[in-house]
Amino acid sequence: MSDPTARQSGETTDPLLLEVIRNGLDTVADEMALILMRTAYSAIIRDSMDYSTAVCDAEGEIVGQGLTTPMHLGSFHDAMRHLIREYDGDIGDGDIFIGNDPYLASGQHLPDIYIIKPFFHRGRLEGWATTIAHHVDVGGLVPGSNSIGATEIYQEGLRLPFLKLREDGVDDPKIWRIVEANVRVPHLVLGDLRAQVAAAEAGVRGLDELYTRFGADRTRQALADLHDLAERMARHHIAAIPDGVYRFTDHIDGLGDHPEPIVLNVALTVSGDTIIADWEGTAAQVKGGINAPLSFTKSNVYAALRSVMPQEMPNCHGYTRPITVRAPEGTLVNCTLPAPCGARGITGYRIIDCIFGALAPALPDRVTADGAGGSTLPTFAGRLDGKPFVFSECIMGTWGASQDEDGQDGVPHMGSNQSNAPVEMIEAGYPLRIEYYGLVPDTGGVGRRRGGLALRRDYRVLTDDCFLGVRSDKRAFPPHGLFGGGEGTPSMNVVEDGNQRTVLPVLPTVPLTLRRGALFSHVMAGGGGFGNPLEREPERVLDDVLDGRLSREAALRDYAVALDCEGGIDREATRAARAARESVS
Amino acid sequence: MSTPIASSATGAFRLAVDIGGTFTDVVLMAPDGRLATTKVPSTPDDYARGVIEGCRQILLRENVAPSEVAEMLHASTVATNAILEGKGARTALVTTEGFRDVLELRRIRVPRLYEPLYRKPPPLVPRRHRFEVAERMGPRGEVLRPLDETALQPIARQIDAAGIEAVAVCFLHSYANPDHERRAGEVLRALLPGRFVTLSVDVLPEIREYERTSTTVINAYVAPPVSRYLTSLRAGLDREGITAPLFMMQSSGGILDLETVLQRPALVVESGPAAGVIGAGYVGRRAGFENVIALDVGGTTAKASVVERGRYLTTDEYEVGGGISLSSRLVKGGGYALRLPVIDVSEVGTGGGSLVRLNAAGNISVGPQSAGAMPGPVAYGRGGVEPTVTDANVAMGYLNPVAIADGTVAIDLAGARASVISEVAAPLGRTVEEASYGVLAIANALMARSVRSVTTSRGRDPRDFALLAFGGGGGLHAVGLAASLGMRRVIIPPAAGVFSAFGLLYSEIEFAQSQGFLAPLDAAEPAALENAFAVLEAGVLHHLGRPADTIRLRRRVDLRYAGQAFELAVDMPKGAFDAAMRDALAAAFDEEHARTYGHSLPRANPREIVTLRVIGTVIAERPASHLAPRPEQREAATRPAYFGEDGWLDTRIVERHDLATPLAGPLIVEEPDATTIVPPGWTASLDDGFNILIDQTVEVPA
């Protein structure tokens with residue numbers, strides 16, 4: 001049965017057919033993601049799921065994306081433009097490209113490696129199947145290749161411009177061997193690269209089915225129309241935001257033992273159906289691995305703005321057309337060679353937090369108070385039975401409160417939808433023991449709606465000379481509340497070794513080595529609160545106390561709710577306490 | 001069915017009952033395989049009442065004495081509903097010290113991108129009822145800290161004071177050494193008589209603490225409601241004189257005795273969909289198709305599943321309330337993790353009642369919002385105003401414009417057309433039939449996602465399968481969906497409206513046990529492996545409680561390439577665990593890996609054993625089913641129906657019997673509980689099992 005909903009190509013695709021094709025594209029991208037996850041080797045991909053997949057049109061613009069990592073997805077565009085510019089005229093069916101360098105391949109940071117396969121239909125380049133995955137190690141100063149202490153990208157590991165990993169169907173063994181020689185755990189990295197190749201091949205197969213079924217002209221037209229549809233929807237929703245300039249300033253705590261605050265400053269100009277995000281006033285790039293290339297900054301701005309638009313909008317590049325990102329060169333958010341970028345994720349999270357902070361006055365019912373700040377990437381490395389090991393995981397924290405609900409506990413940052421690694425899998429595979437994994441009471445920012453609780457994970461080291469890396473934040477500048485809500489509690493990293501207790505800097509710049517038996521206690525920040533805490537219903541306060549999320553003392557101190565000795569609310573005392581508080585303020 | 005099936009029968013009758021949201025379906029099978037069916041309204045306040053009523057009616061109608069029923073088979077959503085509606089038991093959880101939040105933290109990831117206001121499902125056990133005990137095992141089963149038994153006493157007191165009905169115990173690494181869990185279970189059972197206490201090692205002795213905890217908690221949470229329901233049902237059946245043993249469908253496709261269900265109710269959470277797949281496997285095999293895709297199109301969802309070489313596929317990545325779709329496989333967290341084998345049924349929120357909406361930017365959506373049973377589609381005239389997929393089917397002439405369901409549901413053709421025109425056709429500048437046809441194409445594309453999720457996403461090509469469709473909307477969508485996936489054959493079985501109940505009759509009594517067994521494939525100690533399998537087999541035989549020669553035992557091994565996080569299960573043949581066996585297992589695993597993911601690794605790469613499984617099945621002969629449709633001798637009739645590029649065609653209305661001689665489409669096959677569309681270019685015929693076979697026409701007959 002042919003498909004009669006379609007019209008001739010050249011004119012706009014029927015919305016009915018467009019929806020059919022859009023479903024097909026998202027399915028292909030999801031299938032790619034599933035294959036990558038299932039066949040990957042490293043914990044960071046297979047368990048934490050730090051990777052992304054997408055299908056692009058011939059120009060390299062995303063037309064369908066897997067349910068993966070938002071902060072990756074918006075950067076495909078710049079990388080694809082880079083690749084197409086560089087290889088124009090030399091892109092063949094049967095080629096597969098590899099690349100990772102922020103400067104030579106519009107990459108994000110060296111651990112994120114692109115594997116990209118062009119899609120040809122009847123001899124014509126019609127699209128791309130693209131994957132990016134965070135590799136557990138790409139060499140450089142420290143295991144995991146996230147050195148905060150790097151001062152130049154040359155120290156960060158293997159730099160790959162866009163190269164042909166496969167040409168005309170034949171693998172280039174030289175590239176595989178170069179990668180193998182430059183990374184600490186080649187069996188994991190090569191296994192993960194193979195998983196990416198398998199996913200890209202599946203993507204091309206899926207695109208081919210779509211083109212065969214609907215015809216090349218019609219499908220090509222549909223992809224163009226999909227961008228237009230997303231653009232129309234985005235403009236419609238931007239137009240609903242009151243015009244104005246919305247500003248926000250946030251800070252990264254700073255680097256090393258004597259951290260100096262690093263400022264991020266955004267001005268969002270909403271004018272009609274367009275938005276300009278201008279990062280003028282943001283700190284200069286730093287001599288530490290947290291600088292964001294422009295492609296990454298744009299990606300995070302897009303992700304944050306996408307998330308205040310409706311769910312049903314197609315996730316294709318067209319939605320970014322009404323959005324302009326301006327970032328002065330040589331700053332933290334548009335770094336230039338040779339600025340190092342290994343741990344730039346932290347800056348990405350902060351970019352998203354800034355956009356939400358700026359939008360709060362305009363869209364108080366669409367954003368939450370500030371959260372724990374994103375994945376902190378604890379990394380452990382050393383030798384086990386004579387062989388090197390690197391274990392790295394994406395630990396995520398909690399969200400701030402929203403207008404209607406308390407902050408969620410144990411959820412990913414909006415920027416990267418990642419998972420924890422199972423405790424039992426970690427202990428079965430690495431010389432580590434997790435001694436605590438759970439919530440910490442009295443850590444959520446106070447408010448009519450309370451911030452989410454801080455997450456704590458304690459790692460006991462069971463091997464000699466274990467390297468530890470971590471990229472935390474939000475100690476000097478804990479998550480902010482909104483509309484009278486309080487801050488969440490600050491983050492904390494402590495190492496206990498025998499009787500010695502050492503507080504680690506949030507972003508350590510010198511390599512840390514833990515002795516066998518040492519305990520690394522990793523506490524993330526609590527989420528910010530929303531609204532006046534004295535307006536919080538005493539029943540909710542009581543529930544928090546009964547659930548061990550709030551102590552009785554904090555109930556009285558922070559919410560002016562008194563509990564009686566049976567564990568119920570002392571209404572009389574509560575009324576009095578609240579009245580006294582209000583008369584003071 | 002006009003003559004009661006008891007008339008010529010001697011021997012044992014079997015009764016099968018499946019409870020759905022609206023109807024409870026009952027099928028009675030005579031010893032010679034003849035079937036009788038009925039539908040009665042479900043009774044949500046006490047589902048047992050509807051079941052008993054349905055049984056009583058069919059036995060009376062078919063003149064069968066209750067004592068002649070030898071076996072009663074049952075599928076029910078009682079466990080699922082308890083979870084979805086939050087009406088399970090007040091449940092406590094006891095964990096290793098430092099880990100009581102594992103249940104609530106889940107795997108962190110959420111099923112939605114770009115959604116800052118997302119709310120995750122609340123934990124089935126609130127934090128105040130999650131208790132910690134000092135104890136600790138290591139990953140190899142070594143005791144790192146002894147169990148503090150005295151700590152269990154104050155915990156038991158608190159559990160008692162809180163009115164808790166069920167307790168789940170899950171300690172870290174208990175799959176490697178269950179001693180602490182078992183001891184804690186003994187102590188708690190002694191301190192809390194009458195309470196349901198369940199241990200993770202009895203429910204799921206496998207690695208990964210969140211999934212094991214969640215599964216154990218589900219087992220505790222649904223046990224009291226399931227027990228109450230089954231007790232009430234048993235008593236009611238006894239009162240009717242139906243004293244036959246009662247078996248329940250498990251999510252994995254086998255059936256279980258009542259005793260086991262009471263101990264491990266988590267096994268029956270998805271019993272209804274599983275029964276339909278078993279039925280599809282039976283019908284397909286009998287019709288000569290070893291490879292079929294079962295498609296169940298209902299009012300709010302469509303579910304797809306695969307039967308391959310006569311076997312159905314299972315998954316253990318299910319989430320109750322999260323569905324099993326392609327996306328939920330990828331991004332979990334939308335429901336409650338249940339890591340037990342479930343027939344791999346992929347579900348999408350697209351069915352007859354799915355609402356069709358067009359927004360201001362010109363974006364059209366079909367579902368997942370549904371008009372539900374009330375108000376239902378506009379065409380049903382029960383107050384629905386928004387167009388649904390059913391209304392599009394009515395507007396195109398596919399559904400009878402006067403009444404459906406044996407005349408019991410009147411159809412408002414004008415209302416259906418008007419709703420499609422005002423909501424879709426007019427804003428798009430299209431005719432009502434063009435718009436309706438487009439809606440159908442979108443619905444089919446969404447349903448195709450569920451089919452792809454169990455085929456292409458698992459390395460299977462849908463074109464190698466026949467599509468077996470059932471449920472209220474199966475026949476309406478089957479051919480269009482098949483065409484969009486390049487599938488060339490469609491099967492519409494008889495009794496399509498009570499198909500899950502039918503499938504129960506062909507399920508087998510089955511019990512499975514598993515055991516975590518982490519070891520390199522090439523270095524696993526043969527004696528240890530054989531011993532672990534022997535323990536599992538003895539447990540399965542003991543459980544089934546029948547002579548060993550009536551039971552088929554199957555060994556399976558979950559393998560992965562060392563370093564991967566996901567395993568694939570392969571059958572392990574009988575024989576010594578020698579080099580040849582290891583090579584055979586590696587080869588079988590490689591083949592499955594290549595098929596599923598497109599590549600495999602050379603033999604030099606180490607492979608790991610993760611879990612051992614033993615499945616015991618009771619061997620039983622089942623008679624071939626026989627359900628002759630009732631000839632109605634209606635007047636020959638036609639009505640116009642719309643077929644896209646072919647436009648409106650005068651289309652013959654036939655009944656199943658008329659297809660004894662193959663007929664070329666366009667045709668509409670109308671039956672009391674289903675309508676089947678045969679578009680131009682397809683030909684329908686009948687096989688000797690009374691299945692409608694629809695094939696792409698090779699040459700249009702003159």
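Residues numbered from 1 in each chain as written. Chains lettered and ligands numbered in written order. Predicted model: local features only at pLDDT ≥ 70, side-chain atom pairs only at ≥ 80, totals over all residues.

Draft legend 1. Seen up close, the packing of helix α1 (residues 47-61) of chain B against helix α7 (residues 209-240) of chain B. Residues and elements named next belong to chain B. Taken N-terminus to C-terminus, the directions of α1 and α7 make an angle of 25°; their axes are 9 Å apart at the nearest point. In terms of orientation, α1 and α7 fall into the roughly parallel class. Crossing of α1 over α7 shows right-handed handedness. Contacts between α1 and α7 involve Y47, A48, V51, I52, C55 and R56 from the first element and Y229, S232, L233, G236, L237 and E240 from the second. Classifying every residue of the contact of α1 with α7 gives 8 nonpolar, 2 polar and 2 charged. (Axes fitted to C-alpha atoms, helices over the stretch in contact; angles between N-to-C directions. Helix = DSSP H or I, 4+ residues; strand = E, 2+ residues; numbered from the N terminus. Parallel < 35°, antiparallel > 145°, perpendicular 65-115°, else oblique. Left-handed = near helix turned anticlockwise from the far one by under 90°. Contact = placed C-beta atoms within 7 Å. Nonpolar A, V, L, I, M, F, W, Y, C, P; charged D, E, K, R; others polar.)

Draft legend 2. Structural view of the sheet that holds strand β29 (residues 568-572) of chain B. Residue and element names in this part refer to chain B. In space, the 4 strands of this open sheet follow the order β27-β30-β28-β29, with antiparallel pairing throughout. The sheet is open, and its two borders are formed by β27 (510-520) and β29, each paired with just one other strand. Neighbouring strand axes in the sheet, compared pairwise and without regard to direction, differ in orientation by 25° on average. Pairing analysis gives 5 bridges linking strand β28 (residues 551-561) to β29, with the strands arranged antiparallel. What sits directly across from D558, in β29, is A569. Packing of helix α16 (residues 526-544) onto the sheet brings it into contact with β27, β28 and β30 (607-618), and relative to β30 it is tilted by some 25°. (Pairing = 2+ DSSP bridges.)

Draft legend 3. Seen up close, the environment of B:E71. Residue and element names in this part refer to chain B. Within the secondary structure, E71 sits in strand β4 (residues 69-75). Exposure remark for E71: the 19 C-beta atoms within 10 Å place this residue in the partly exposed category. Distance in space between the C-alpha atoms of E71 and F13 is 7.2 Å, their sequence separation being 58 residues. (Buried ≥ 20, exposed ≤ 12 C-beta atoms within 10 Å, placed from the backbone.)

Draft legend 4. The arrangement of the sheet that holds strand β10 (residues 274-278) of chain A in detail. Residue and element names in this part refer to chain A. Pairing is mixed across the open sheet formed by 4 strands, whose spatial order is β8-β9-β10-β11. In this open sheet, the two strands that pair with only one neighbour each are β8 (244-252) and β11 (323-326). Within this sheet the neighbouring strands show an average axis-to-axis angle of 15°, counted without direction. Pairing of strand β9 (residues 262-271) with β10, which is carried by 5 bridges, proceeds in the antiparallel orientation. Residue pairing for β10: L268 is matched across the bridge by A277. Running at roughly 140° to β11, helix α8 (residues 294-306) makes contact with β10 and β11 of the sheet. Running at roughly 145° to β8, helix α9 (residues 345-359) makes contact with β8, β9 and β10 of the sheet.

Honestly, it's all geometry; don't read function into it.
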